Amino acid sequence: MSNPPPLATAVTRYQLALAPLNAPKGKPAPQLSEVQVLELLKARDEVQAILDQIAQQSTPLGADCNADLIQLAQLDAQLKDHGKAIATFPQLQNWQNSFQPPPTDWWWHFEPPKDPRDRVDWLWNSLTLAALTANLALVTDIASRFFTGAPGVLSSFAAIAPSVLTLFAGGGALTKAGRMAIKHVLSQIGISKHRWHEAQFAISGSLLMLLMIFHTSLPNIARFYNNRGEIQFYEAGKIVSAQGDFQKALALNPDYAKAQFNLGATYEELQEPDKAEMEYRKALSADYLPAYNNLAHLYIVQEEFDRAIPFLQQGLSIFDPALHEPGLAYALHKNLGWARLKQARLPEAEAELQQAIALDPERADAYCLLAQVLEQQDQAATALPQWENCLKYARVQDDLWIDQAQQRIDTQDTDAQESESP
């Protein structure tokens, strides 16, 4: 094998190639030509090739080489001082692609100086990461709310659409393939590469704003589900479907008192009094007045009259005609009269039921209860017109009242006929 060129010769060539960059002190370095820059880099390659060959042959360097090594270190220091200028040379990237220098050949891989527009890229990257973290948190919260209960087309779309957008933005910022795709799109629409970090933050930040707006609109969407559950399902007797809508409304807005009340009503219809009581009590915490009445009614049906009365009295104390429907006052007085009847406090029961009738004279149940109060006070004749009104105003769902009123009227007619017969 031939001996390698002397190290001194290669170092001298390297020194000569580097000399044009060493301008007099106080003056800018001259602009090198394409040939000069390439000659400089290849000269450094030659020095390295000789060093590598010596290392492979395990040939010890003599003392006379020490001066060459010291000079090499000095020349490398000078080259590094001009690294930024070399990094910005237009053909450097093409040479790197053609010659494929290894990463250890540092003179081929100088980092270009940062553009002033890129100095705060770390800040934009941090803001993008923060926005993506917030996006993921919001999407997780939104999706979990919409997937509560039976899924539907609307709820599935509302949960999936933000998730897809967030995954797109997150994949674009956090994965190499995603970053390349976004950079390609940004370059295609004419955005400078020095603004790519800002653009990625703009995408993530815009998505965050949209998700926040959507998140703040959840109470409005909850009202939609509650209203649909009331009108389209509950009033049509589709109790299970109504229950699903009320549960979804509460998933979207856990403090929605009206939905809590409505869900309690569906549990009552489904013969689940414990769950109904729990929902009514939640609505009570927001002073939702109908809950006072329904919870009391639940206790009356369970024959817990002493528990029912305080809620009815409190409900009447906060009733405001300007804020609440008259039908609610009717129900509170009627149920309070019913509870007093069961407690055998008949004068109080009669007074409450008379007030209820005065508020709505075309409802059957107050007449039916008043008739029972009068009968227990040995006023059968006075009770008969109340039974007749009970039967007159009874609706199909008042089946129990209809049977009871008809029996009482028939009994009194029979008694009247027997008293008239000789």
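Since the structure is predicted, the reported quantities are computational estimates derived from the model, not experimental observations.

**Quick look at the overall build of the chain**
Helix and strand counts for the chain come out as 20 helices and 0 strands. Split into buried and exposed, the 422 residues of the chain put 41% on the buried side. Within the structure as shown, the chain displays about 23600 Å² of accessible surface, and the carbon and sulfur contribution to it stands at 57%.

**Side note on the packing of helix α2 (residues 34–56) against helix α5 (residues 92–99)**
Running from N to C, α2 and α5 cross one another at 45 degrees; their axes reach a closest spacing of 12 Å. Considering the angle they form, α2 stands oblique to α5. Classified by chirality, the crossing of α5 by α2 is right-handed. Judged by residue contacts, Glu 34, Val 37, Leu 38 and Leu 41 of α2 engage Leu 92, Trp 95 and Phe 99 from α5. Of the residues in the contact of α2 with α5, the class split is 6 nonpolar, no polar and 1 charged.

**Points about helix α13 (residues 273–284)**
Here α13 spans 16 Å end to end across 12 residues, near enough to the 16 Å set by a 1.5 Å rise per residue. Those residues of α13 that fall on the buried side of the exposure criterion are Ala 276, Glu 277, Glu 279, Tyr 280, Ala 283 and Leu 284. When α13 is viewed along its axis, its buried side chains cluster within an angular range of 170 degrees and face the same direction. Among the structural elements, α11 (239–252), α12 (257–269), α14 (289–301) and α15 (305–318) are those in contact with the buried residues of α13.

**What about unusual backbone geometry?**
The backbone phi angle of Gln 271 is positive, close to 60 degrees, even though this residue is not glycine. Considering the arrangement of structural elements, one finds Gln 271 in the loop between α12 and α13. Positive phi, close to 60 degrees, is recorded for Asp 378, a residue that is not glycine. Within the secondary structure, Asp 378 is located in the loop between α18 (364–376) and α19 (380–393).

**Quick look at the side chain of Gln 372**
With respect to the secondary-structure elements, Gln 372 resides in helix α18. On the basis of relative accessible area, Gln 372 is assigned to the buried category, the value being 14%. Once residues lying within four places of it in the same chain are set aside, the contact partners of Gln 372 are Leu 341, Trp 387, Trp 401 and Gln 404.

**Topic: the pattern of salt bridges**
Two side chains of opposite charge can pair, provided their charged atoms sit close to one another. Per the counting criterion, the structure on display carries 15 salt bridges. In this structure, the salt-bridge partner of Asp 245 is Arg 228, at a minimum N-O distance of 2.7 Å. Of this pair, Asp 245 sits in helix α11 while Arg 228 sits in helix α10 (residues 218–234); the two residues are 17 residues apart in sequence, bridging distant segments of the chain. Each member of the salt-bridge network shares a partner with another, and the members are Glu 277, Arg 281, Glu 304 and Arg 307.

**Things to note about the layout of surface pockets**
In this model, the largest pocket occupies a volume close to 1900 Å³. What lines the largest pocket is a set of 47 residues, and nearest its centre among them are Tyr 234, Glu 269, Asn 293, Asn 294 and His 297. Breaking the lining of the largest pocket down by element, the ones donating at least two residues are α10, α11, α12, α13, α14, α16 (326–342), α18 and α20 (399–420). Considered class by class, the residues forming the lining of the largest pocket number 21 nonpolar, 12 polar and 14 charged.

**Brief notes about the environment of His 82**
Examined against the element boundaries, His 82 turns out to sit in the loop between α3 (66–81) and α4 (83–87). The exposure class of His 82 is buried, given its relative accessible area of 17%. The spatial distance from the C-alpha of His 82 to the C-alpha of Phe 110 is 9.3 Å, given a sequence separation of 28 residues.

**Remarks on a nonpolar patch on the surface**
Together, Val 120, Trp 122, Leu 123 and Leu 127 line one region of the surface with nonpolar side chains, adding up to about 360 Å² of accessible area. Position of Trp 122 relative to the elements: it lies in helix α6 (residues 121–146).

**Comments concerning the state of the cysteines**
Taken as a whole and judged by the stated rule, the model has 1 disulfide. Note that Cys 368 is cross-linked by a disulfide to Cys 390, the S-S spacing being 1.6 Å. Sign of the S-S torsion, about 75 degrees for the bond between Cys 368 and Cys 390, identifies this disulfide as right-handed. Remark: Cys 390 occurs in helix α19 and Cys 368 occurs in helix α18; sequence separation between them is 22 residues. Judged by its relative accessible area of 0%, Cys 368 is buried.

The rules behind each value
- Here the residue index of a chain counts from 1 through its sequence in written order.
- In view of the model being predicted, local features appear only for residues whose pLDDT reaches at least 70, and side-chain atom pairs are presented and counted only at 80 or more, with totals across whole chains, interfaces and linings using the full set of residues.
- In computing side-chain properties, one takes all heavy atoms of the structure into account and sets aside hydrogens as well as water.
- The helix count covers DSSP runs of H or I at least four residues long, the strand count covers runs of E at least two residues long, and both are numbered beginning at the N terminus.
- For each residue, the accessible area found with a 1.4 Å probe, counting protein chains only, is set against the maximum for its type, and the residue is called buried under 20%, exposed over 50%, and partly exposed in between.
- All accessibility values rest on the Shrake-Rupley procedure with a 1.4 Å probe; residue burial counts only the protein chains present in the view.
- Each axis is a line fitted through C-alpha atoms, taken for helices only over the stretch in contact, and angles between the N-to-C directions span 0 to 180 degrees.
- Angles below 35 degrees are treated as roughly parallel, those above 145 as roughly antiparallel, those between 65 and 115 as roughly perpendicular, and all remaining angles as oblique.
- Each crossing is labelled by how the near helix is turned from the far one, with a counterclockwise turn of less than a right angle marking it left-handed and a clockwise turn marking it right-handed.
- The criterion used for residue contact is that any of the two residues' heavy atoms lie within 4.5 Å.
- Residues were grouped as follows: Ala, Val, Leu, Ile, Met, Phe, Trp, Tyr, Cys and Pro as nonpolar; Asp, Glu, Lys and Arg as charged; and all remaining residues, including Gly, as polar.
- Between the first and last residue of a helix there are one fewer steps than residues, each counted as 1.5 Å, and that sum is the expected span.
- In this description, the arc belongs to the directions extending from the helix axis to the C-beta atoms.
- Salt bridge, as applied in this entry: a Lys or Arg side-chain nitrogen positioned within 4 Å of an Asp or Glu carboxyl oxygen.
- Definitions used throughout: a 1 Å grid over protein atoms alone; a cavity as a set of points that fits a 1.4 Å probe which cannot get out; a pocket as an open set with protein on both sides within 12 Å along at least five of seven lines; a lining residue as one with an atom within 4 Å of a point.
- Grid points are joined across faces, edges and corners, and a volume is the space filled by probe spheres set on the points.
- Residues enter patches when their relative accessible area tops 30% and they take part in no salt bridge; the joining distance is 9 Å for like charges and 5 Å for the nonpolar side chains Val, Leu, Ile, Met, Phe, Trp and Tyr.
- The disulfide criterion is simple: two cysteine sulfur atoms within 2.5 Å.

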